Structures are given as C-alpha cells and as structure tokens.
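Residue strings, one per chain:
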Amino acid sequence: PETGKDLIYREVRMPDGSVTRYTADAAGQPIHTVRASGTLGGRQQTLDLYTNQGKVTGFGLDTDGDGQADLRDYYDDDLKLVKQGFSVSGTGGIDAWQYRNAAGEVERIEVSRQRDGVVDRWEHYEKGQLARVEEDDDRDGKPDHWLTYDAGILMHEARDRNHDGQPDSRP
C-alpha cells in the first residue's frame, strides 16, 4: 500500500496455465480492470474486463500477445453494447470504432488513420452497404473530403479546398 501500486489480492491458476488476477488499489477499492490470460491456439491471449464503480463498462481482448487490446467492447450503464473498437491497420492497438443500430447492423465506423485516437474518417452504412465516407484530411475536426457510394460503388467525390466546410471541387 505504501507504494501506491495495485495489490493482487487473489490469483487463480487454471490447469491450462492461464491466470486470472483480481486486484484492488491501495485503499482496498476494486480497480477498473480484471485480467485473464492464457494460451489459445498456441498464442498467448489476454481478456480484460473493465469496470467503473462496480459496473461493467467493457471488455478488451489482446489476440496477438503484444500487451495491447486488439478488440474492445464498450457498454453503457444498462450493459447495452455502445460500440466496438478494433484494429483496422492490423498493427495492434485499437484505431477504429464500430457503431450498430438496434437491429445489430453496422451504422457507422469511425477511424483514426494516424492511429493516435483522433477520429479523422467516418464511414456511414445503409442496409449493410457503405453509403458515404467523410474524411478530415487537415485534422481540424471537420470533414473536408466526401465520398458517396451506391451499392458499394464510388459514385461521387468532393473536397473542400478553401476550408469553408462546403464542397468546392470534384476531383
């Protein structure tokens, strides 16, 4: 406790070698993550359960053993799935977030193309098909490149070159 670091207060070892640790902070309050790890298919994998004030807020899964979650589910207070994070780049770490509608269909995917957590690409889907894309090429938080699709085929493209928020050219 005097170090201010997390304390392990229970560790469970399974016959397959996986370990689950339940931890508390120096004040004895449960911390926000419970981790279970083990080998699946010959690869080390880790599952994190994220909580806040005793409520589940999400799950994270490290599938490649690099110590970073490659997949993450985020939940609201009613345990309704709000969004799912994943790696578009395939380089480990979450750089995209998927949102679904009430029917479970993908509505929108937000992407951090620089893999820094700043969303600069928004993909919008209708009936399971990519309908339009907005991109923020100058990273000012506003779209300046628009692409429109029909049945997954690019139909229109426009850019805002004078930064007034409106398309002013079509390449």
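Report on the accompanying structure. (Residues numbered from 1 in each chain as written. Predicted model: local features only at pLDDT ≥ 70, side-chain atom pairs only at ≥ 80, totals over all residues. Heavy atoms only, no water.)

**Describing the overall build of the protein**
Cut-off, in case you're wondering: Here a strand is any run of E in DSSP of at least two residues, a helix any run of H or I of at least four, and the numbering for each starts at the N terminus. Only heavy atoms enter the contact rule, under which two residues are in contact if any of them lie within 4.5 Å. Only the protein chains shown count as cover for residues, and the accessible areas themselves come from Shrake-Rupley with a 1.4 Å probe.
For the protein, the helix and strand inventory stands at zero helices and 13 strands. Put simply, the protein runs from its N terminus to its C terminus through helices and strands in the order β-β-β-β-β-β-β-β-β-β-β-β-β. Residue pairs at least 24 apart in sequence account for 5% of intrachain contacts in the protein once pairs closer than 6 positions are excluded. If you sum the accessible surface of the protein, you get close to 11,000 Å²; carbon and sulfur atoms cover 49% of it.

**Considering the side chain of His145**
Note the threshold: Here a polar contact is recorded for every N or O atom pair within 3.5 Å, except that within protein the pair must consist of a potential hydrogen donor and a potential acceptor, and residues adjacent in sequence are included only if both atoms are side-chain atoms.
Inspection of the secondary structure puts His145 in strand β12 (residues 145-150). Reaching out from His145, the side chain makes a polar contact with the side chain of Glu135 at a distance of 2.8 Å. In contact with His145, other than residues within four places in its own chain, are Val133, Glu134, Glu135, Asp137, Glu157, Ala158 and Arg159.

**A word on the pairing of strand β7 (residues 81-86)**
Formally: What makes two strands pair is DSSP finding at least two bridges between them.
Of the strand pairs in this sheet, strand β6 (residues 71-75) and β7 are connected by five bridges, and their pairing is antiparallel. The partner of Arg72 across the bridge, within β7, is Gly85. Turn length for the β6-β7 hairpin, with the two strands adjacent in sequence and antiparallel, is five residues, and the turn residue Leu79 shows positive phi of about 60°. As judged from the three bridges shared by β7 and strand β8 (residues 96-100), these two strands associate in the antiparallel manner. The partner of Gly85 across the bridge, within β8, is Trp97.

**Structural notes on the nonpolar core**
Where we set the bar: The set of buried Ala, Val, Leu, Ile, Met, Phe, Trp, Tyr and Cys residues whose side-chain atoms join them within 4.5 Å is what this entry labels a nonpolar core. The buried label goes to any residue with under 20% of its type's maximum accessible area, the exposed label to any with over 50%, and the partly exposed label to all in between, with areas taken from a 1.4 Å probe on protein chains only.
Counting residues in hydrophobic clusters, the biggest one holds nine residues: Ala96, Val106, Ile109, Val111, Tyr125, Leu130, Val133, Leu147 and Tyr149. For this core, the secondary structure elements donating two or more residues are β9 (106-111), β11 (129-135) and β12. Sort the elements by how many residues they give to this core and β9 lands first, with three residues. Those residues in contact with Val106 that lie beyond four places of it in its chain are Gln98, Tyr99, Arg100 and Tyr125.

**With respect to the packing of aromatic side chains**
Geometrically, a pair of aromatic rings is defined through the distance of the ring centres and the angle of the planes. This is how it is decided: Stacked, tilted and edge-to-face pairs are distinguished by plane angle, under 30 degrees for stacked and over 60 for edge-to-face with tilted covering the rest, among Phe, Tyr and Trp rings (Trp via its six-membered ring) whose centres lie within 6.5 Å. Remark: a charge is flagged as sitting over a ring if the NZ atom of Lys or the CZ atom of Arg is within 6 Å of the ring centre and within 35 degrees of the ring normal.
Across all of its chains, the model carries zero aromatic pairs by this definition. It is Lys83 that lies over the ring of Tyr74; its NZ or CZ is 4.8 Å from the centre.

**Structural notes on the pattern of salt bridges**
Filter applied, for reference: Whenever a carboxyl oxygen of Asp or Glu lies within 4 Å of a side-chain nitrogen of Lys or Arg, that contact is scored as a salt bridge.
Here the structure, examined in full by the defined rule, presents 10 salt bridges. Here Glu110 makes a salt bridge to Arg108, at a shortest N to O gap of 3.0 Å. Residue class for Glu110 comes out buried when judged on its relative accessible area of 13%. Overall, the relative accessible area of 25% leaves Arg108 in the partly exposed class. Arg159 serves as the salt-bridge partner of Glu157, at 3.8 Å between the closest nitrogen and oxygen. On the basis of relative accessible area, Glu157 is assigned to the partly exposed category, the value being 23%.

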